[in-house]
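# Understanding the architecture of this molecule
These are the residues of each chain, in order.
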Amino acid sequence: IRRLLRLTSERRKKILQVDNLDVFYDQLQAVKNVSFEVKKGELVTIIGANGAGKTTILRTLMGLQKCARGSIKFMDQEITLTLPFVRARIGISIVPEGRRIFPDLTVEQNLMMGAYTRVDRNGIANDLKKIFQLFPVLKERRKQVGKTLSGGEQQMLTIGRALMAKPKLLLMDEVSMGLMPIIVEETFKVIKDLHQQGLTILLVEQNARKALSIADRGYVIETGKIVLSGTAEALLSNPAVKKAYLGG
Ligand code: ATP
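If you're wondering where the values come from, they're calculated on a predicted model, not measured in any experiment. (Residues numbered from 1 in each chain as written. Predicted model: local features only at pLDDT ≥ 70, side-chain atom pairs only at ≥ 80, totals over all residues. Heavy atoms only, no water.)

The subject of this paragraph is the nonpolar core. Nonpolar side chains tend toward joint burial in soluble globular proteins. Counting residues in each nonpolar core, the largest one holds 44 residues, and the members touching the most others are Leu-111, Leu-170, Met-172, Ile-191, Ile-201 and Leu-203. Per-element tally for this core: the top contributor is helix 8 (residues 181-196), with 6 residues. (Core = buried A, V, L, I, M, F, W, Y, C linked by side-chain atoms within 4.5 Å. Buried < 20%, exposed > 50% of the residue type's maximum accessible area, 1.4 Å probe, protein only. Helix = DSSP H or I, 4+ residues; strand = E, 2+ residues; numbered from the N terminus.)

This paragraph deals with the environment of Arg-3. Within the secondary structure, Arg-3 sits in helix 1 (residues 2-11). As for Arg-3 and Asn-110, which are separated by 107 residues in sequence, their C-alpha atoms are 44 Å apart.

Below, the discussion takes up the pairing of strand 10 (residues 225-231). Of the strand pairs in this sheet, strand 9 (residues 217-222) and strand 10 are connected by 6 bridges, and their pairing is antiparallel. Paired with Arg-217 across the two strands is Thr-231, which belongs to strand 10. (Pairing = 2+ DSSP bridges.)

Turning our attention to the site of the ligand. Taken together, 14 residues lie near the ligand, and Asn-50, Gly-51, Lys-54, Thr-55 and Thr-56 sit nearest. Contact between the ligand and Thr-55: an oxygen atom at 2.7 Å from a side-chain N or O atom of the residue. Separating an oxygen atom of the ligand from a side-chain N or O atom of Gln-206 is a distance of 3.0 Å. In isolation the ligand offers 630 Å² of accessible surface; the protein chains occlude 61% of this area. A per-element tally of the shell around the ligand places helix 2 (residues 54-62) first, with 3 residues. Of the residues contributing to the shell around the ligand, the split by class is 5 nonpolar, 6 polar and 3 charged. (Near = heavy atom within 4 Å. Polar contact = N/O pair within 3.5 Å; in protein donor to acceptor, adjacent residues only side chain to side chain. Areas by Shrake-Rupley, 256 points an atom, 1.4 Å probe, with all protein chains shown as cover. Nonpolar A, V, L, I, M, F, W, Y, C, P; charged D, E, K, R; others polar.)

Bringing helix 5 (residues 121-134) into the picture now. Under the 1.5 Å per step criterion, the end-to-end length of helix 5 is 20 Å for 14 residues, consistent within 8% with the ideal 20 Å. Buried residues along helix 5 sit in contact with helix 4 (107-113), helix 6 (136-140) and helix 7 (151-163). (Expected span 1.5 Å × (residues − 1). Contact = heavy atoms within 4.5 Å.)

Here the focus is the packing of aromatic side chains. Applying the stated criterion to the full structure yields 1 aromatic pair. The aromatic ring of Phe-188 is capped on one face by Lys-210, whose charged end is 5.9 Å from the ring centroid. (Phe/Tyr/Trp six-rings, centres within 6.5 Å; stacked < 30°, edge-to-face > 60°. Lys NZ or Arg CZ within 6 Å of the ring centre and 35° of its normal.)

We now examine a nonpolar patch on the surface. Taken together, the side chains of Leu-83, Phe-85, Val-86 and Tyr-116 present a nonpolar region at the surface, about 400 Å² in accessible area. With respect to the helices, strands and loops of the structure, Phe-85 is situated in helix 3 (residues 84-90). (Patch = residues over 30% accessible without salt bridge, like charges linked within 9 Å, V, L, I, M, F, W, Y side chains within 5 Å. Salt bridge = Lys/Arg side-chain N within 4 Å of Asp/Glu carboxyl O.)

Right, let's talk about the sheet that holds strand 5 (residues 77-78) for a bit. Ordered by their spatial adjacency, 4 strands build an open sheet running 2-1-4-5, and the pairing between neighbours is antiparallel. Single-partner strands in this sheet number two, and they are strand 2 (28-39) and strand 5. Where strand 1 (residues 14-25) lies against strand 4 (residues 69-74), 5 bridges are found, and the strand directions are antiparallel. Bridge pairing in strand 4 places Leu-16 opposite Phe-74.

This next bit is on the pairing of strand 9. For strand 9, a buried count of 5 out of 6 residues is recorded, marking the element as mostly surrounded by other parts of the structure. Judged from the 4 bridges that link them, strand 3 (residues 43-47) and strand 9 form a sheet pairing that is parallel. Considered in strand 9, the bridge of Ile-46 is made with Tyr-219. What sits between the antiparallel neighbours strand 9 and strand 10 is a turn of 2 residues, in which Thr-223 has the positive phi angle 35°.

The final tally for this structure, using the stated rule, is 16 salt bridges. Note that Asp-76 is salt-bridged to Lys-13, the shortest N-O span being 3.3 Å. Within this pair, whereas Asp-76 is found in the loop between strand 4 and strand 5, its partner Lys-13 is found in the loop between helix 1 and strand 1, the two being separated by 63 residues in sequence. Overall, Lys-13 belongs to the exposed group, its relative accessible area being 52%. Its salt-bridge partner being Lys-147, residue Asp-104 comes within 2.6 Å of it at the nearest N-O pair.

Bringing the packing of helix 7 against helix 8 into the picture now. Here helix 7 crosses helix 8 at 15°, and the two axes come no closer than 10 Å. One finds that helix 7 runs roughly parallel with respect to helix 8. The element helix 7 and its partner helix 8 pack so that their crossing is right-handed. In this structure, helix 7 uses Gly-152, Gln-155, Met-156, Ile-159 and Leu-163 to contact helix 8, whose residues at the interface are Ile-183, Glu-186, Thr-187 and Leu-194. Broken down by class, the residue content of the contact of helix 7 with helix 8 amounts to 5 nonpolar, 3 polar and 1 charged. (Axes fitted to C-alpha atoms, helices over the stretch in contact; angles between N-to-C directions. Parallel < 35°, antiparallel > 145°, perpendicular 65-115°, else oblique. Left-handed = near helix turned anticlockwise from the far one by under 90°.)

This is the structure:
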């Protein structure tokens, strides 16, 4: 069965192809010749320490950061120079680091902001319903302003807002950072469910153990370079990964 599954996943279509990406902040090179891919329906994680370049990669994929060299293809289309709102419209959505919400807008208004590039009113209303099913707490608090939510609720809101764009590829940046363990559990359960429902996800995480426990494949990044890649299973049992990222 495992071989069959592997064969099927090899045949799966690539949704994202990144080749030889270089990103600089002035003189400092934060991303060095990075290449990776994500196939349709996959949950792929990029793990690495603080400052390794994970956020920079996601921001570059969204078009929020310029790359000096390299190419980004989304569904066979070259998007390396495409503006962020166009990337959003063609199906890339990001859950930013640090639970950035609109503090003075209500939960419902925050969610609607996620749908700003969409024009299908019925689809939007439908997706809002689905998100309230996924996060009942957001429904309860739909009229409450964002800044009054707890950290965990704000995290759910950023995920819900990203989903309102109806993404084909969801980028998630350090969703576990600064949350209580029980909320981290809940958040990872939601990610796993979304993946099982067929959503393609690229998750960057410092929490390697948690990320690899739900991912199909992973890449390890150290000071801007990808140094290892493989199935989540293989990475979890890799001695170097164990030593550096899983606490020995
Ligand atoms: P973290 O988990 O802490 O967010 P990260 O793996 O996401 O880390 P990045 O935030 O991508 O890492 O940072 C990569 C490198 O680029 C670091 O050395 C960081 O100091 C540097 N860097 C990030 N943002 C900027 C910026 N706006 N200006 C200058 N240097 C930056």
